[in-house]
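# Structure at a glance
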Amino acid sequence: CNKMIITIYTSHIYKSIKTCHMHFKILARTPLILPSLLLQTSLSVFRLQDFSVKRRFSDFLGLHSKLASKYLHIGCIVPPAPRRALWVRVKVGKEDQSSNEFVEKRRCALERYLMRTVKHPVLLKDPDLLQFLESPELARAVSTQALSGAGLMRMMNKAADAVNKMTIRMNESDTWFEEKQQHFENLDLQLRKLHGSIESLVCHRKELSLNTCQFARSAAMLGNSEDHTALSRALSQLAEVEEKMEALHNEQANQDFSLLSELVGDYVRLLSAIKAVFEHRVKTWQKWQDTQILLQKKREAEAKLQITNKPDKLQQAKDEIKELELKVSQGERDFEQISKTIRKEVTRFEKERVKDFKETIVKYLETLLHSQQQMIKYWEAFLPEAKAIS
Amino acid sequence: MTYPQPFRSVGAMMQEGLDDGPDFLSEEDRGPRAVNVDLQTDATLQVDISDALSERDKVKFTVHTKSSLPNFKQNEFSVVRQHEEFIWLHDSFVENEEYAGYIIPPAPPRPDFDASREKLQKLGEGEGSMTKEEFTKMKQELEAEYLAIFKKTVAMHEVFLCRVAAHPVLRKDLNFHVFLEYGQDLSVRGKNKKEKLEDFFKNVVKSADGVLVAGVKDVDDFFEHEKTFLLEYHTRVKDASAKSDRMIRSHKNAADDINRIASTLYTLGTQDGTELCKFFLKVSELFEKTRKIEARVAADEDLKLADLLKYYLRESQAAKDLLYRRSRALVDYENANKALDKARAKNRDVLQAETSQQICCNKFDKISESAKQELIDFKTRRVSAFRKNLVELAELELKHAKGNLQLLQSCLGVLKGNT
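Structural notes, computed from the coordinates. (Residues numbered from 1 in each chain as written. Chains lettered and ligands numbered in written order. Predicted model: local features only at pLDDT ≥ 70, side-chain atom pairs only at ≥ 80, totals over all residues. Heavy atoms only, no water.)

So, on to the overall build of chain B. Per the secondary structure count, chain B includes nine helices and three strands. Overall, chain B shows an N-to-C arrangement of helices and strands of α-β-β-β-α-α-α-α-α-α-α-α. Excluding contacts between residues fewer than 6 apart, the proportion of contacts in chain B whose partners are at least 24 apart in sequence is 75%. Counting only carbon and sulfur atoms, one obtains 54% of the accessible surface of chain B, whose full area is about 21200 Å². (Helix = DSSP H or I, 4+ residues; strand = E, 2+ residues; numbered from the N terminus. Contact = heavy atoms within 4.5 Å. Areas by Shrake-Rupley, 256 points an atom, 1.4 Å probe, with all protein chains shown as cover.)

Okay, structure coming up:
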């Protein structure tokens, strides 16, 4: 089993006074050198156990599109790349809070994305991934607009629609697939709902933080105008407590986002990838069926040709039939292979899902716990001040 | 959904123990609900609102009096009053020249269930789009909110009556006794349009005057200081009141979100086939409980902080009004002096001018004397109320934070132990 750990750092590069590029430095650590890596790669042999390269955001998108085009259709659940934001605020040279927050969010998302990808035993052997992790120079991903995560989703959805429009419905002989599909659909519904509520919570907690800040200032002013000395002091202390609460609420909102919201969001996107994989299975079955039908037609045509006296055409027909018979066996093998792969993938996915949710939610609850401990500290400090009035 | 029907009285609800979740009837709320004023309850005259009934567009308060005073026919009696009758009583104090030297206890605000009603309406309309559990839950939430607003309006009407009953002069007022005792409807119609317009102009004139008067420096240091203090204090407390309301509303919104998260986690828990199902159910249960605590925090902050600030907003306005009346009396006195000088100079109507001047002088002195005491009492009441509420606020915040902490610790213990 591989235990590669990815850490991502950010750095700005100034190309000119107007353009500022965000670079992400990827540090990949492996506890041991994996022999399969040495065999697969035609690039330099990994001598180091840590290797680090610099990449742009579009490079990540390029990597994902390559992996998706290679592995989705054979049933691998390829982790989706982080979405390109609809607006990108990169102020040249400006170190303001909102763009820092944006960069940090992106950095985290890329780190999670890459970690998921390297955890996948099949993807880890892929030469494109290895090149991405190791090669100091990387060919710039071409027209990443079309290859963006959203674009890819659109392509996959189109494929899904095409499948739905097929006239021949698949005879599902394996209830496992039906059950799993239903399970994932239910899960998708609930996770989207959950995601919405969590986003609302983040928003409201940020609001709470802001409003607490304003109240704190107002309370301080009230304390200033109060002419009873002890009460005036207590009101100022109240203002201080509320300032601390403002910081707590803000921090908690950040945790709500980075732990809960991103976790659920990631899984909503992963479920789209699973949906695509199931649909590819249907497409594979369809292809196999179509080839069988074609073979049948050719056999009927050959039978007709047997009666006529056209030896050339007959031979051609026999050759075509041979070809099609091979194709049909291949089609059957492909279908069996993708079904087998999907079973394995789904099992792995579910295991990861359980681990992910447990770990992240426990971590989140610990942040809530810490928040409450801080609150207790602040109010305990305030209480004697309030009692000291008059 | 035909909500609200005649809402059962507070008394009945208390007996039913309707509050299954947050305990709205905490120890502080039982007994005389004089939350924002520290009043000495006097055996000779005790007033409270023993019951209240909310109907479609009005609230009926049962005003209960216990008195050993001879003016009343009985020692204990009750009448039913509506909000307009409280306003009538308040206005009769304001318009009474005899009371010009007192801080008139501020009128209670009109009971306002509009927002709550709207929410219940929306809930009814959206009934189809949510699960039965969610609907029941939200309905309970809104009912609890309605009940909270209801209790608040009862408390505010009660505080007004208690303040009057505690005031050495106002408690003897005849209108007050009629209000307490007269069994029938006082037939106090609300102000019609013309009267409302008159009020509006009166206020405009007053505030214009107020600006004028505020500019004049008072010879008396005490009053000069009080004027400066009150003008600034009133503005600041107004701002603090508004900001505290906003803060508390955000708190409620966040608690609502946690409620929805808990519901969805519960659904996930029941659906999931993996070990996550137990996990989700446990976390859902935790969020349900912490959400209730968060809602309680918001409610307590509302009672101890927001209501306190709102009340002192109104009281400081009443104190300002007193200062204004005193200033007016001073201006009248000064004008009478000038008229007297003129009369003496012309040697015409001197006696008339002298009497007029004497009356103005007496009036001004009387107001100044009682105003001084009133303002000192105001400060005492204010400090005491703030102390009580800030202490209680801190204690409640601590109680809830500790409650939350315990829930989180025990849940984490279970979750970590299982993995």
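Before going further, it helps to examine a positive patch on the surface. There is a patch of like positive charges on the surface, built from B:Lys338, B:Lys342, B:Lys346 and B:Arg348. Tracing the backbone shows B:Arg348 in the loop between α8 (276-346) and α9 (350-418). (Patch = residues over 30% accessible without salt bridge, like charges linked within 9 Å, V, L, I, M, F, W, Y side chains within 5 Å. Salt bridge = Lys/Arg side-chain N within 4 Å of Asp/Glu carboxyl O. Lys, Arg positive; Asp, Glu negative; His and termini not counted. Charge placed at Lys NZ, Arg CZ, Asp CG, Glu CD.)

Residues and elements named next belong to chain B. Of the residues making up helix α5 (residues 174-181), those classed as buried are Phe176, His177, Phe179 and Leu180. Projection of α5 onto a plane perpendicular to its axis shows the buried side chains occupying an angular sector of 155°, all on one side. Tucked inside the fold, the buried residues of α5 contact β1 (45-54), β2 (59-67), β3 (76-82), α2 (83-95) and α4 (132-166). For α5, the N-terminal capping position is held by Asp173, with its side-chain oxygen 2.9 Å away from the main-chain nitrogen of Asn175. (Buried < 20%, exposed > 50% of the residue type's maximum accessible area, 1.4 Å probe, protein only. Arc of directions from axis to C-beta. Polar contact = N/O pair within 3.5 Å; in protein donor to acceptor, adjacent residues only side chain to side chain.)

It is worth spelling out the nonpolar core at this point. In terms of nonpolar packing, the biggest core is built from 136 residues, with A:Leu114, A:Leu191, A:Leu365, B:Phe287 and B:Leu390 touching the most fellow members. Per-element tally for this core: the top contributor is helix α8 (residues 229-307) of chain A, with 21 residues. In contact with A:Leu114, not counting residues within four places along its chain, are A:Ile6, A:Ile8, A:Ile26, A:Phe60, A:Leu63, A:Leu129, A:Phe132 and A:Leu133. B:Phe61, B:Phe113, B:Leu120 and B:Phe135 belong to the second-largest nonpolar core, a separate cluster that totals 34 residues. (Core = buried A, V, L, I, M, F, W, Y, C linked by side-chain atoms within 4.5 Å.)

Turning to the packing of aromatic side chains, a few remarks are in order. Describing an aromatic ring pair means giving the distance of the ring centres and the angle of the ring planes. Evaluated as defined, the whole model comprises 26 aromatic pairs over all chains. When the ring of A:Phe184 is compared with that of A:Phe278, the centres are 6.2 Å apart and the planes differ by 65°; the resulting orientation is edge-to-face. Here A:Phe184 is found in helix α7 (residues 175-225), whereas its partner A:Phe278 is found in helix α8, with 94 residues between them in sequence. Through successive ring pairs, a cluster of aromatic residues spans A:Trp176, A:Phe177, A:Phe184, A:Tyr267, A:Phe278, A:Phe349, A:Phe357, B:Phe279 and B:Phe280. It is A:Lys105 that lies over the ring of A:Phe257; its NZ or CZ is 4.4 Å from the centre. (Phe/Tyr/Trp six-rings, centres within 6.5 Å; stacked < 30°, edge-to-face > 60°. Lys NZ or Arg CZ within 6 Å of the ring centre and 35° of its normal.)

The next subject is the pattern of salt bridges. Residue and element names in this part refer to chain A. Under the definition given, this model contains 51 salt bridges over all chains. Taking the shortest distance from any N to any O, the salt bridge between Asp266 and Arg269 comes out at 3.0 Å. Here Asp266 pairs with Arg269, and both are found in helix α8, just three residues apart, close to one helical turn. Across this residue pair, the class does not change: Asp266 and Arg269 are buried.

Once that is clear, we can look at the pairing of β2(B). Residue and element names in this part refer to chain B. As judged from the nine bridges shared by β1 and β2, these two strands associate in the antiparallel manner. Across the sheet, residue Leu53 finds its bridge partner in β2, namely Lys60. Between β1 and β2, which pair antiparallel one after the other, the connecting turn spans four residues. Judged from the seven bridges that link them, β2 and β3 form a sheet pairing that is antiparallel. Across the sheet, Thr62 pairs through a bridge with Val80, a residue of β3. (Pairing = 2+ DSSP bridges.)

We now examine the interface of chain A and chain B. Tallying the contact residues gives 53 residues for chain A and 62 residues for chain B. Summed over both sides, the interface of chain A with chain B buries roughly 5400 Å², with 72% coming from carbon and sulfur. Across the pair B:Lys379 and A:Asp227 runs a salt bridge, and its minimum N-O distance is 3.6 Å. Taken together, the links from chain A to chain B amount to 17 residue pairs in polar contact (both at pLDDT 80 or more). Of all elements in the fold, only α7, α8 and α9 (311-387) of chain A reach the threshold of two or more residues within the side of chain A that touches chain B. (Buried area = accessible area lost by both parts, 1.4 Å probe.)

A few words now on the packing of α9(A) against α8(B). Relative to each other, α9(A) and α8(B) sit at 20°, their axes nearing to 11 Å. Viewed along their axes, α9(A) and α8(B) adopt a mutual orientation that is roughly parallel. The element α9(A) and its partner α8(B) pack so that their crossing is left-handed. Contacts between α9(A) and α8(B) involve A:Arg353, A:Val354, A:Phe357, A:Lys358, A:Ile361, A:Val362, A:Tyr364, A:Leu365, A:Leu368 and A:Gln372 from the former and B:Leu276, B:Phe279, B:Phe280, B:Val283, B:Leu286, B:Phe287 and B:Glu294 from the latter. In terms of residue class, the contact of α9(A) with α8(B) is built from 13 nonpolar, one polar and three charged. (Axes fitted to C-alpha atoms, helices over the stretch in contact; angles between N-to-C directions. Parallel < 35°, antiparallel > 145°, perpendicular 65-115°, else oblique. Left-handed = near helix turned anticlockwise from the far one by under 90°. Nonpolar A, V, L, I, M, F, W, Y, C, P; charged D, E, K, R; others polar.)

This next bit is on empty space enclosed by the protein. In the structure shown here, the tally under the stated rule is 11 cavities of 30 Å³ or more. A volume near 340 Å³ is recorded for the largest cavity. Forming the walls of the largest cavity are 28 residues, and the residues nearest its centre are A:Arg205, A:Leu368, A:Gln372, B:Glu294 and B:Asn404. Of the residues forming the lining of the largest cavity, the biggest block, six residues, is contributed by α9(A). A class-by-class count of the residues in the lining of the largest cavity yields 17 nonpolar, eight polar and three charged. (1 Å grid on protein atoms, 1.4 Å probe; cavity = no way out; pocket = protein on both sides within 12 Å on 5 of 7 lines; lining within 4 Å. Points joined across faces, edges and corners; volume = space filled by probe spheres on them.)

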